[in-house]
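In case you want the letters, here they are:
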Amino acid sequence: MDEMPPLTPEALDDFLLKARAASGLLKALSHETRLLMLCMLCQGEKTVTEIEQFLGIQQAVVSQQLARLRGDKVVQTRREGRQIYYRIADPQLAELISVLYKMYCGPTPVTLSQAAALTEA
């Protein structure tokens, strides 16, 4: 991991602005439905209907949460005919969501003790 440079008084204003932006992003991510939607969007563009069907929640709830994400500039839209496609706005955010997905949603690796217990059975 890269070492952080010392925080100087000159850099404090820039640091505060970046911390404020990070805090706003984390607030947008701090809702489980929005986080699930973003995990889906890491796999590519989706419509409201696709999100609604996959998550099994009402269209109004999906639309409300997407509106919040759009307002926070977390997602962008693209219209094709009557369909509106949603995608993650920033590739770095998609990378962050992918890491969160791997940490919390991906298959849990089997530990050595679990593997030994499976072979003994």
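Up top is the structure.
For clarity, every value in this text was computed on a predicted model and none was experimentally measured. (Residues numbered from 1 in each chain as written. Predicted model: local features only at pLDDT ≥ 70, side-chain atom pairs only at ≥ 80, totals over all residues. Heavy atoms only, no water.)

Q: Break down the sheet that holds strand 3 (residues 83–88) for me, with residues and values.
A: Ordered by their spatial adjacency, 3 strands build an open sheet running 1-3-2, and the pairing between neighbours is antiparallel. In this open sheet, the two strands that pair with only one neighbour each are strand 1 (46–47) and strand 2 (75–80). Relative to strand 3, helix 2 (residues 32–41) is tilted by about 95°, and along the sheet it contacts strand 1, strand 2 and strand 3. (Pairing = 2+ DSSP bridges. Helix = DSSP H or I, 4+ residues; strand = E, 2+ residues; numbered from the N terminus. Contact = heavy atoms within 4.5 Å. Axes fitted to C-alpha atoms, helices over the stretch in contact; angles between N-to-C directions.)

Q: Which residues make up unusual backbone geometry, and what values do they have?
A: In this structure, Lys73 is a non-glycine residue whose phi angle is positive, near 60°. Relative to the assigned elements, Lys73 resides in the loop between helix 4 (59–71) and strand 2. For Lys73, a relative accessible area of 67% puts it in the exposed group. (Buried < 20%, exposed > 50% of the residue type's maximum accessible area, 1.4 Å probe, protein only.)

Q: Explain the pattern of salt bridges to me, and be specific about the residues and the numbers.
A: Taken as a whole and judged by the stated rule, the model has 5 salt bridges. Notably, a salt bridge pairs Arg78 with Glu45, separated by 2.6 Å at the nearest N-O pair. Of this pair, Arg78 sits in strand 2 while Glu45 sits in the loop between helix 2 and strand 1, placing them 33 residues apart in sequence. A salt bridge links Glu80 to Arg78; the shortest N-O distance between them is 2.8 Å. For Glu80, a relative accessible area of 47% translates into the label partly exposed. One salt-bridge network, in which partners are shared between bridges, spans Glu45, Arg78, Glu80 and Arg87. (Salt bridge = Lys/Arg side-chain N within 4 Å of Asp/Glu carboxyl O.)

Q: Describe in detail the side chain of Arg34, supporting the description with residues and values.
A: Within the fold, Arg34 resides in helix 2. Buried Arg34, no salt bridge; nearest opposite-charge side chain is Asp72, N-O distance 5.8 Å. One polar contact links Arg34 to Gln65, side chain to side chain, over a distance of 2.7 Å. Beyond its immediate chain neighbours, meaning those up to four positions away, Arg34 contacts Lys27, Ala28, Gln65, Arg68 and Leu69. (Lys, Arg positive; Asp, Glu negative; His and termini not counted. Polar contact = N/O pair within 3.5 Å; in protein donor to acceptor, adjacent residues only side chain to side chain.)

Q: Please provide a residue-by-residue account of helix 4, values included.
A: Between the first and last C-alpha of helix 4 there are 18 Å, a value that for 13 residues agrees with the 18 Å anticipated at 1.5 Å per step. Inspection of helix 4 places Val62, Gln65, Leu66 and Leu69 among the buried residues, and these make up the whole buried set. When helix 4 is viewed along its axis, its buried side chains cluster within an angular range of 100° and face the same direction. Along helix 4, the residues that are exposed and aim more than 90 degrees away from the buried face are Ala60, Gln64 and Gly71. Buried-residue contacts for helix 4 involve helix 1 (9–29), helix 2, helix 3 (48–55), strand 2 and strand 3. The first or second residue beyond helix 4 is Lys73, which carries a positive phi of 60°. (Expected span 1.5 Å × (residues − 1). Arc of directions from axis to C-beta.)

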